[in-house]
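# Architecture and fold: a report
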Amino acid sequence: MRTIILTPDQIHMGSLILVNRSHSCPELPRETEPLREMELLREMEPFREAHPPMEGMSSIRLLRRAAVLFAGLMDEIGGWEQIVPVSGYRSLEEQTSIWEDSLVKNGRAFTEAYVAFPGHSEHQTGLAIDLAVKSDSIDFLCPDFPDSGICRTFSKRAPEYGFIRRYPAGKESVTGIGHEPWHFRYVGTPHGEIMEQEGLTLEEYLLFLRDFPYGKRSFSFAKGKRQISVSWKKADKNGTTQVSVSNRLPYAVSGDNMDGFIITEWRD
């Protein structure tokens, strides 16, 4: 075993950070800027020339780990011919522009239901992506992503690749956002599969994990021949937080953007 040291700023880093009305988006670490464009979007260039991004928005980008897994899923299901990435990473300025434009065009009720307040948008994390079924006409704010055909296939397979449908129907009071079948969030594996299995939103999942305090008990999930344990550790108020992990087996640590860390450990 070896000990890793987690600093207070790492609470706001990782694939499982919670960003919503109550928890603002942390600034991306400088080493992640500029964000890596998804290289396979070059296959969509003819479409994008005819359907450019919303005014004031940059090209579609995701953090590297999310981009790689998204491209892998699209390759696996043959999605590039029918599914169009609409929106990925947004700067604070871009999110502010979208918010203010929607207020003028759609009113406050619609905007609060379908547009995250600037500084509280998952798109600012580089971990979220909006998708649409390919069409000659796309609503870039509420794109069409039906629960059928290739779109349904993407939604069903997404958890295997670490993506979740972030704003499901019936959970509006939990997420604070209306049902958005087009919005997917990268949370990593096996968390996407666990959330799908348990029927949990990210808000609910992070609360659920608090019942599995690190070093006392963990949530066990079987993936292939491996057992994966997931637990939560409250950050030390006095400074750094220490976690012991295996020298030879994979592990991952993510902050929750609140007050602790999620530790994921692969077991024999």
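Preceding block: the structure.
Here goes a summary of the coordinates provided.

Basis of the calculations
Residues numbered from 1 in each chain as written. Predicted model: local features only at pLDDT ≥ 70, side-chain atom pairs only at ≥ 80, totals over all residues. Heavy atoms only, no water. Helix = DSSP H or I, 4+ residues; strand = E, 2+ residues; numbered from the N terminus. Buried < 20%, exposed > 50% of the residue type's maximum accessible area, 1.4 Å probe, protein only. Areas by Shrake-Rupley, 256 points an atom, 1.4 Å probe, with all protein chains shown as cover. Arc of directions from axis to C-beta. Contact = heavy atoms within 4.5 Å. Axes fitted to C-alpha atoms, helices over the stretch in contact; angles between N-to-C directions. Parallel < 35°, antiparallel > 145°, perpendicular 65-115°, else oblique. Left-handed = near helix turned anticlockwise from the far one by under 90°. Nonpolar A, V, L, I, M, F, W, Y, C, P; charged D, E, K, R; others polar. Core = buried A, V, L, I, M, F, W, Y, C linked by side-chain atoms within 4.5 Å. Phe/Tyr/Trp six-rings, centres within 6.5 Å; stacked < 30°, edge-to-face > 60°.

### Examining the overall build of the protein
Looking only at helices and strands, the protein has eight helices and 10 strands in total. Every one of the 268 residues in the protein was classed for burial, and the buried ones make up 50%. Only carbon and sulfur atoms are counted for the fraction: they give 49% of the accessible area of the protein, which is about 12,900 Å².

### Considerations on unusual backbone geometry
In this chain, T189 is followed by P190 through a cis amide linkage whose omega measures 5°. You can see P190 is positioned in the loop between β5 (180–186) and α7 (191–198). Of note, N257 is a non-glycine position whose phi angle comes to about 70°, a positive value.

### Let's talk about the environment of T153
Mapping T153 onto the fold places it in helix α5 (residues 149–157). For the pair T153 and I77, spaced 76 residues apart in sequence, the C-alpha separation works out to 7.4 Å.

### Points about α5
Those residues of α5 lying buried are I150, C151, F154 and S155. Buried residues of α5, seen end-on, are gathered within an arc of 140° and therefore sit on one face of the element. Turning to α5, the residues buried within the fold contact α2 (64–77), β2 (83–87), β3 (128–133), β4 (163–167) and β5.

### Section: the packing of α2 against α5
One can describe the packing of α2 onto α5 by two numbers: an axis separation of 11 Å at closest approach and a directional angle of 130°. Taken together, the axis directions place α2 and α5 in an arrangement best described as oblique. In this structure, the crossing between α2 and α5 has a hand that is right-handed. Note on element contacts: α5 touches α2 through I150, T153, F154 and R157, opposite F70, L73, M74, E76 and I77. Residue classes in the contact of α2 with α5 are distributed as six nonpolar, one polar and two charged.

### Examining the nonpolar core
Of all hydrophobic cores here, the largest spans 29 residues; its most connected members are F70, F154 and F163. For this core, the secondary-structure elements that each account for two or more residues are α2, β3, α5 and β5. The element best represented in this core is α2, accounting for seven residues. Core analysis: the second largest hydrophobic core is formed by 18 residues, M195, Y205, L206 and F212 among them.

### A few points about helix α8 (residues 202–209)
In terms of burial, α8 is largely enclosed, as six of its eight residues are buried. When α8 is considered as a whole, its buried residues turn out to be L202, E203, E204, Y205, L206 and L209. For α8, the elements touching its buried residues are β4, α6 (172–175), β5, α7, β7 (226–234) and β10 (260–267).

### Considering the side chain of S15
In this fold, S15 is placed in the loop between β1 (2–6) and α1 (45–50). A relative accessible area of 12% places S15 in the buried class. Once you skip the residues sitting within four places of it in the chain, S15 turns out to touch R65, L127, R185, Y186, V187, G188 and S254.

### As for the packing of aromatic side chains
Under the definition given, this model contains 14 aromatic pairs. Ring centres of F70 and W80 lie 6.1 Å apart, and the angle between their planes is 90°; this geometry places the pair in the edge-to-face category. Linking F70 in helix α2 with W80 in the loop between α2 and β2, this pair joins segments that are 10 residues apart in sequence. W80 carries the same exposure label as F70, and that label is buried. Ring-pair connections join several aromatic residues into one group, and the members of that group are F70, W80, F145, F154, F163, F184 and Y186.

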